[in-house]
Amino acid sequence: MQQAGRLGQQDFQEGQPNRVDRWRAAMQYDLPASLVVFLVALPLSLGIAIASNAPVLSGLIAAIVGGVVAGCIGGSPLQVSGPAAGLTVVVADLVSQFGWAVTCLITIIAGALQVMLGISRIARAALAISPVVVHAMLAGIGITIALQQVHVLLGGESQSSAWTNVVGLPAQIAGAHRPGLVLGLLVIAILVAWRWAPARLAKVPGPLVAIVVVTVMSVVLPFNVSRIRLEGSVLEALQLPQLPDGNWGAVVIAVITVTLITSVQSLLTAVSIDRMHTGPRTDFNRELIGQGAANMVSGRNRRASHCRRDRAQRG
């Protein structure tokens, strides 16, 4: 019986992946997935920062902090973090109302509340909110973002309210910047058509293909379009947040809004991803702590709010 026990234990140990196997798996699957996520997240982060009326470098800082801090501390193994498109309208409104420095202070406080909620082990209580409510909220935010970005696509500038964007759309269409419009429509066409790509090509994310193809075309062909300029250095972007001059009631409401939206959206995304695989389950309390820590660190460095947004492309 002792010999059988030793043989069974030896078989069990042999069935466990050793360090070499783990490194081989990381190089084969995780490294390519990380490269793809990086190539997609870099322009996406800059674009979200611009759409949020935030400094361009803040999107880059948010992507770095979200990937490192939330990735190390968070409790969901198959997701990546960075600037959240769903918060674009919220952040843009906060920047317009309070200024960029106060918005970063709001982000820090919201992150601290997330950490407290995670430590209190009540993360699952946030899931009591009906997904219909969250999806409806995100749909409304998505429509608002679309109305804003249509003006940008046509070569203009988005307005402060959705109704103003709707009213000004006919004039914007009449005076559209045609080279930029052609490139923008080409990006949309690639994203839509990529779902029918062959299986081998479909392994490459559609956003990555659209960004690379259209960027090359804009450089090689004589397209006269504006380009993103990163003014200053990253170190110059790392400045302390500021306290508001007043209106603390509105600041408190903003903190609660950011906390609830980021927390619920992150946790619901984790639940959805857990349903798509049979691997390790998400630790919701740890996930909330990781998201809060990332918001605190990146808010300290003056960047855009973020939450968990995507699943990693690794199985």
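All figures in this text were calculated on a predicted structure; none of them were measured in a lab. (Residues numbered from 1 in each chain as written. Predicted model: local features only at pLDDT ≥ 70, side-chain atom pairs only at ≥ 80, totals over all residues. Heavy atoms only, no water.)

Asker: Which residues make up the overall build of the chain, and what are the values?
Answerer: For the chain, the count of helices and strands is 14 helices and 2 strands. When each of the 315 residues of the chain is scored for burial, the buried share is 39%. When contacts within the chain are restricted to residue pairs at least 6 apart in sequence, long-range pairs at least 24 apart make up 74% of them. Carbon and sulfur atoms make up 65% of the accessible area of the chain, which totals about 17900 Å². (Helix = DSSP H or I, 4+ residues; strand = E, 2+ residues; numbered from the N terminus. Buried < 20%, exposed > 50% of the residue type's maximum accessible area, 1.4 Å probe, protein only. Contact = heavy atoms within 4.5 Å. Areas by Shrake-Rupley, 256 points an atom, 1.4 Å probe, with all protein chains shown as cover.)

Asker: Tell me about the environment of Arg 178, and name the residues and values.
Answerer: The residue Arg 178 is located in helix 9 (residues 178–193) in this model. Distance from Arg 178 to Leu 153, taken between C-alpha atoms, is 9.6 Å for residues 25 residues apart in sequence.

Asker: Quick rundown of the UniProt feature "transmembrane region" (unreviewed entry) in the chain? Include the residues and the values.
Answerer: Here the UniProt feature "transmembrane region" (unreviewed entry) sits at residues 31–50, 57–78, 98–119, 126–147, 179–196, 208–228 and 248–271. Annotated as 83% helix and 0% strand, the span residues 179–196 places its first and last C-alpha atoms 27 Å apart. (UniProt positions renumbered as here; feature names shortened; annotations may be inferred.)

Asker: How would you explain the packing of aromatic side chains if you had to name every residue and give the values?
Answerer: Here the structure, examined in full by the defined rule, presents 0 aromatic pairs. Cation over ring: Arg 195 sits above Trp 196, and NZ or CZ is 5.5 Å from the ring centre. (Phe/Tyr/Trp six-rings, centres within 6.5 Å; stacked < 30°, edge-to-face > 60°. Lys NZ or Arg CZ within 6 Å of the ring centre and 35° of its normal.)

Asker: Hey, could you go over unusual backbone geometry for me, with residue numbers and the actual values?
Answerer: In this structure, Arg 121 is a non-glycine residue whose phi angle is positive, near 60°. Here Arg 121 lies in the loop between helix 5 (100–119) and helix 6 (131–153). Look at Arg 121 and you get exposed, because its relative accessible area is 64%. Residues other than glycine seldom take positive phi values, yet Asn 247 does so here, at roughly 55°. The topology assignment puts Asn 247 in the loop between helix 12 (234–237) and helix 13 (248–274).

Asker: Pulling in residues and values, what's your account of a nonpolar patch on the surface?
Answerer: Together, Val 212, Val 216, Val 219, Val 220 and Leu 221 give the surface a local cluster of nonpolar side chains, amounting to about 450 Å² of exposed area. By the secondary structure assignment, Val 212 is in helix 11 (residues 206–220). Residue classification places Val 212 among the partly exposed residues on the basis of a relative accessible area of 46%. (Patch = residues over 30% accessible without salt bridge, like charges linked within 9 Å, V, L, I, M, F, W, Y side chains within 5 Å. Salt bridge = Lys/Arg side-chain N within 4 Å of Asp/Glu carboxyl O.)

Asker: Now, about the packing of helix 2 (residues 19–51) against helix 11: what can you tell me, with residues and values included?
Answerer: Each pair of packed helices can be summarised by the angle the axes make with each other and by the distance between the axes. Two elements in contact, helix 2 and helix 11, have axes separated by 9 Å at closest approach and are oriented at 60°. Comparing the axis directions of helix 2 and helix 11 gives the class oblique. Here helix 2 and helix 11 pass one another in a crossing that is left-handed. Residues Val 36, Leu 39, Val 40 and Pro 43 of helix 2 form the contact with helix 11, whose own contacting residues are Pro 207, Leu 208 and Ile 211. (Axes fitted to C-alpha atoms, helices over the stretch in contact; angles between N-to-C directions. Parallel < 35°, antiparallel > 145°, perpendicular 65-115°, else oblique. Left-handed = near helix turned anticlockwise from the far one by under 90°.)

Asker: Outline the side chain of Thr 262, listing residues and values.
Answerer: Assignment of secondary structure puts Thr 262 in helix 13. A polar contact of 3.2 Å, which involves the side chain of Thr 262, links it to the backbone oxygen of Thr 259. (Polar contact = N/O pair within 3.5 Å; in protein donor to acceptor, adjacent residues only side chain to side chain.)

Asker: With reference to specific residues and values, describe helix 11.
Answerer: Taking 1.5 Å per residue as the helical rise, helix 11 with its 15 residues ought to reach 21 Å, and the 21 Å between its terminal C-alpha atoms agrees with that figure. Among the residues of helix 11, those classed as buried are Gly 206, Leu 208, Val 209, Ala 210, Val 214 and Ser 218. Along its buried surface, helix 11 packs onto helix 2 and helix 9. (Expected span 1.5 Å × (residues − 1).)

Asker: An account of the packing of helix 4 (residues 88–98) against helix 13 is requested, with residue identities and associated values reported.
Answerer: Interaxial distance between helix 4 and helix 13 falls to 12 Å at its minimum, and their mutual angle equals 165°. Taken together, the axis directions place helix 4 and helix 13 in an arrangement best described as roughly antiparallel. Here the hand of the crossing between helix 4 and helix 13 comes out left-handed. Residues Val 90, Leu 94, Gln 97 and Phe 98 of helix 4 lie in contact with helix 13, whose contacting residues are Ala 250, Val 251, Ala 254, Val 258 and Ile 261. Its residues assigned to classes, the contact of helix 4 with helix 13 shows 8 nonpolar, 1 polar and no charged. (Nonpolar A, V, L, I, M, F, W, Y, C, P; charged D, E, K, R; others polar.)

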